[in-house]
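# Summary of structural features
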Amino acid sequence: MNFELNKITRANVEALQPYSSARDEYKSDGSEMVFLDANENPFENGVNRYPDPQQRDLKSVLAEPKGVLPENILLGNGSDEVLDLLFRAFCEPHVDNIVTLPPTYGMYNVLSGINTVENRKVLLTDTFQPDVKEILKVVDEHTKLIFLCSPNNPTGNGFDEDRIKGLLEAFNGLLVIDEAYIDFSPRKSWVGRLSDFPNLVVTQTLSKAYGLAGIRLGLCLASTEIISVLNKIKPPYNVNGLTQSRALERVLAQEAVTSEVANILTEREKLRTALLTVSFVDMLYPTEANFILVKVDDADLRYAQLLHKGIVIRNRSTQPLCQNTLRFTVGTASENKKLIRALKELSDA
Ligand SMILES: *Cc1c(COP(=O)(O)O)cnc(C)c1O
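In this text, all values refer to a predicted model and were calculated from it rather than measured experimentally. (Residues numbered from 1 in each chain as written. Predicted model: local features only at pLDDT ≥ 70, side-chain atom pairs only at ≥ 80, totals over all residues. Heavy atoms only, no water.)

### Some remarks on the domain arrangement of the chain
By domain assignment, the chain separates into domain 1 (5–252) and domain 2 (255–348). Centre-to-centre separation of domain 1 and domain 2, based on C-alpha positions: 30 Å. Listed per partner, the contact involves 25 residues of domain 1 and 22 residues of domain 2. Taking both partners together, domain 1 and domain 2 bury about 1800 Å²; carbon and sulfur atoms supply 62% of that area. Residue Glu-288 pairs with Arg-187 through a salt bridge whose shortest N-O separation is 2.9 Å. Between domain 1 and domain 2 we count six residue pairs in polar contact (both at pLDDT 80 or more) in total. Looking at side-chain class alone, the side of domain 1 that touches domain 2 contains 13 nonpolar, nine polar and three charged residues. (Domains from an automatic or database assignment. Contact = heavy atoms within 4.5 Å. Buried area = accessible area lost by both parts, 1.4 Å probe. Salt bridge = Lys/Arg side-chain N within 4 Å of Asp/Glu carboxyl O. Polar contact = N/O pair within 3.5 Å; in protein donor to acceptor, adjacent residues only side chain to side chain. Nonpolar A, V, L, I, M, F, W, Y, C, P; charged D, E, K, R; others polar.)

Printed below as a string of structure tokens:
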């Protein structure tokens, strides 16, 4: 490997002096200070002050369970913002390109369009694994990012360690592993390997297992060098104060998260068992996430029938390799019961 971060960083970003906000320059050390620096309204209401632009308290509680230093973390307004920052830091519009592996999460392609960066698509294999040889064939000196989603959305499976390792060793840009569903998977996070691979970037989110999709908090975990580059270009107050405090509370309540995840996994297995008995279900794909991808006889028809019964799922049939597939998110026990009853009615009809 021949990875050099300054070779892949955009020249304008390399040259950039980040905006220094008032709250950046001085943060209260707990002593009685008078803050007349940021043109805020001084009347206390809980959120009258600008939030900490570096989210120091939140990062310090996240660092331990993630097994990294706070300097290895960048937080964003959802992982979507984190992914966008990666494009803006490393991909020159009209010049550079990225590689994605359909069928996968739609945001990578949307962001490539927004940033005018070519998206070179290499289909997953028929078992939904990265095709390392084909990926390396389309990579050139302008390929800055490869996006791997593991466990993958919408297929649900995790990617083989050896394939990911092969890419990390052969690629001189950044390999971004989107671990939005890692807390549902028996696999180890790649965060533990950050010090082995300087070109590894892991993204995670509080939107799925942590149950906080509404507050928008995404994580980027990478070397301190990569995080420093991203810190230069992030909007200073991209993570608002309410989000920081709710996220902090939740991360400290780790047992509640763990028990909800356990519940979802139990429910997922019940749902799998039920789906196997449905007459129009052709197969279930293996899953390490909080959803199940299912092949059916006629996805459009079954989608419409479930909708008619008041149940909204996702029809993934337009995705390559996903003809006639439906994606079911695992709900609460009572929601899943309603789904199973509806499936049974349709199955018997
Ligand atoms: C849901 C999901 C996310 C989460 O995005 P947020 O912006 O953090 O809510 C990220 N990646 C994948 C693959 C997802 O399915």
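### Considerations on the nonpolar core
Counting 70 residues, the largest nonpolar core has Leu-275, Leu-306 and Phe-328 as its most contacted members. Inspection of this core shows a minimum of three residues originating in each of domain 1 (5–252) and domain 2 (255–348). Leu-5, Ile-8, Cys-91 and Leu-174 belong to the second largest nonpolar core, which has 30 residues in total. (Core = buried A, V, L, I, M, F, W, Y, C linked by side-chain atoms within 4.5 Å. Buried < 20%, exposed > 50% of the residue type's maximum accessible area, 1.4 Å probe, protein only.)

### With respect to the sheet that holds strand 9 (residues 291–296)
Strand order across the open sheet formed by four strands is 8-9-11-10, with antiparallel pairing between neighbours. Two strands lie at the open edges of the sheet, namely strand 8 (281–284) and strand 10 (314–315), each paired on one side alone. Where strand 10 and strand 11 (residues 325–329) come together, two bridges link them in antiparallel fashion. The partner of Asn-315 across the bridge, within strand 11, is Leu-326. Across the face of the sheet, helix 11 (residues 254–276) comes into contact with strand 8, strand 9 and strand 11 while running at roughly 5° to strand 9. (Pairing = 2+ DSSP bridges. Helix = DSSP H or I, 4+ residues; strand = E, 2+ residues; numbered from the N terminus. Axes fitted to C-alpha atoms, helices over the stretch in contact; angles between N-to-C directions.)

### Considerations on the pattern of salt bridges
What the rule picks out here adds up to 22 salt bridges. Here Arg-120 and Glu-118 are joined by a salt bridge, their closest N and O atoms 3.2 Å apart. By relative accessible area, which is 44% here, Glu-118 ends up partly exposed.

### Let's talk about the site of the ligand
In the vicinity of the ligand lie 13 residues, with Ser-79, Tyr-181, Thr-205, Lys-208 and Arg-216 positioned nearest. Between Tyr-181 and the ligand, the recorded distance is 2.6 Å, taken from a side-chain N or O atom to an oxygen atom. The side chain of Arg-216 places a nitrogen or oxygen atom 2.6 Å from an oxygen atom of the ligand. Among the residues making up the shell around the ligand, the classes are represented as four nonpolar, five polar and four charged. (Near = heavy atom within 4 Å.)

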